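# Chains, contacts and geometry: an overview
Below are the chains, spelled out letter by letter.
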Amino acid sequence: MDMSVFINSLRDPMGLPFYPVVFQGLMVLTFALHIVMINLVVGSLLLALWGRFSGKGYPLRLAHALARGVTVILSVAIVLGVAPLLFVQTIYDPLWYSANLLSAWWAMVFLLLVTLAFLAAYVFYLRSAEQPRWGLKACLFSIAAVVGAGTIMHMLHMEGLQPQSWAGWFSGSGELATSGWAFHGFSIGRFGHFMAPALVNVGILLMLYAWYFARRPGSDRDYLEWTAILGAGIMRLALVVQMAFGFWWFFEIPGELNFLAHPAFHFGLLVALIAIGLLFWISYRPLERAPWAALTSIVTVLAMGVTREALRMVYLKPFDYSIYQYPVQLDWGSTLLFLATFVGGLVVMAYPLMIAFKSGRGEQV
Ligand code: HEM
């Protein structure tokens, strides 16, 4: 059967309850937020590991602060992963479910790893002061589990992008691959490009941490300055690594897709170059300019998300798969309910966040 007919007939016959472009926009936005949080988890765990390992002074103090924060950041990262998952399953269901059939056991392992990563992060936070050896082991385990979970998520995405290989993967060896252990399409450049910002973003987190607490009466100025300078240094170094992975990824993209000529590639590259310039400028006055670094990073990751989505559309073009042709059965009731709970949730979250922001600085609330 023609692959294009095959993929298009795997779509949900009920169609979408609202216009696909809205789901796509929300998917890109929530993916960007998800990946920033994942970066912060990986970066914080790596830095906390280093601080715990050094065992004294400012690095140890920082390790305590990061260990406390990482449990919260990981929960936010997981919740923010559910949102793009819902949108991917809605508009790219034929790809997502095919990959999940091929690699069903890996999808289960993913859930296990996420759960274990979370538990290990808690053990690290709660036990590492009294039992440093246990703390180190728990931290190492958590890093490995998070990176393992990310590897699986990336692999599922890559398998979905290559429908031309599905038949070969399912039956190429002469026997049907029904074990659920298939693992195909891993791209080091792409995975590295989404994981290397862990150090860029944790560098920015340190700068923000110093900026935030420096305004608190009685804060330890020397420690905060050390933290800000450390963060800026890590960020500068990681930006170079990030760029290198970007080029690596680019050379892994099949040449016949001609992505070099695509406007989304030019857009992504332009935003990345501006962001690198800005972040280097910010890094020389980290204590004052930290919020600008956070804003720059979020905008850049969002642009990366847009480019990533454009690339997915380029991958799928030869199969005539376009989400814009997904059948739509408008359902205003469920759409309005979704939007109302979304906006309501944002309002409910804004108030405690504002209180926490002010009280953390010792301001009257
Ligand atoms: C905790 C460890 C996790 C890590 C390290 C991680 C990492 C990643 C990475 C690197 C990607 C990009 C893959 C690519 O474009 O090649 C990604 C995408 C994604 N992740 Fe996560 N993730 C984690 C947890 C989760 C969880 C718990 C969920 C959902 C419940 C989730 C949902 C998603 C979704 C929906 C995508 C986009 C897939 C697509 O666009 O096809 N992730 N994640």
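All values derive from a computational prediction rather than experimental measurement. As a convention, each chain's residues are numbered from 1 in the sequence order in which they are written. With the structure being a predicted model, the display of local features is reserved for residues of pLDDT at least 70 and the display and counting of side-chain atom pairs for 80 or more, all residues being used for whole-chain, interface and lining totals. With hydrogens and water stripped out, all remaining heavy atoms of the structure feed into the side-chain values.

## Quick notes on the pattern of salt bridges
In what follows, salt bridge is the name for a side-chain nitrogen of Lys or Arg lying within 4 Å of a carboxyl oxygen of Asp or Glu. All told, the structure shown has 5 salt bridges when counted by the stated rule. Between Glu225 and Arg221 there is a salt bridge; the shortest N-O distance is 3.5 Å. Residue Glu225 and its partner Arg221 are both found in helix H10 (residues 221-252); the two are separated by 4 residues, about one turn of the helix. Judged by relative accessible area, Glu225 falls into the partly exposed class, the value being 35%. The class of Arg221 is partly exposed, set by a relative accessible area of 43%. Put simply, DSSP marks the helices as runs of H or I at least four residues long and the strands as runs of E at least two long, and each gets a number from the N terminus on. Categorising residues by exposure relies on relative accessible area from a 1.4 Å probe, with only protein chains included: less than 20% of the type maximum marks a residue as buried, more than 50% marks it as exposed, and the intermediate range marks it as partly exposed.

## A short note on the packing of aromatic side chains
Two rings belonging to Phe, Tyr or Trp (six-membered ring only in the last case) form a pair when the distance between their centres is within 6.5 Å. Interplanar angles under 30 degrees mark stacking, angles over 60 mark edge-to-face geometry, and anything in between is tilted. For the structure on display, the rule yields 26 aromatic pairs. Between Tyr58 and Trp226, the ring centres sit 5.5 Å apart and the planes meet at 50 degrees, which makes this aromatic pair tilted. Of this pair, Tyr58 sits in helix H3 (residues 57-91) while Trp226 sits in helix H10, and the two are 168 residues apart along the sequence. Pairing Phe338 with Phe342 gives two aromatic rings, centres 6.1 Å apart and planes at 10 degrees, and the pair type is stacked. You can see Phe338 and its partner Phe342 sitting in helix H13 (residues 332-360), 4 residues apart, about one turn around the helix. In our convention, an over-ring charge means Lys NZ or Arg CZ found within 6 Å of a ring centre and within 35 degrees of that ring's normal. A cation sits over an aromatic face here: Arg289 above Trp281, 3.8 Å from the ring centre. We note Arg308 situated over the ring of Phe194; from NZ or CZ to the ring centre the distance is 5.7 Å.

Interpretation in functional terms is not warranted from these geometric data alone.
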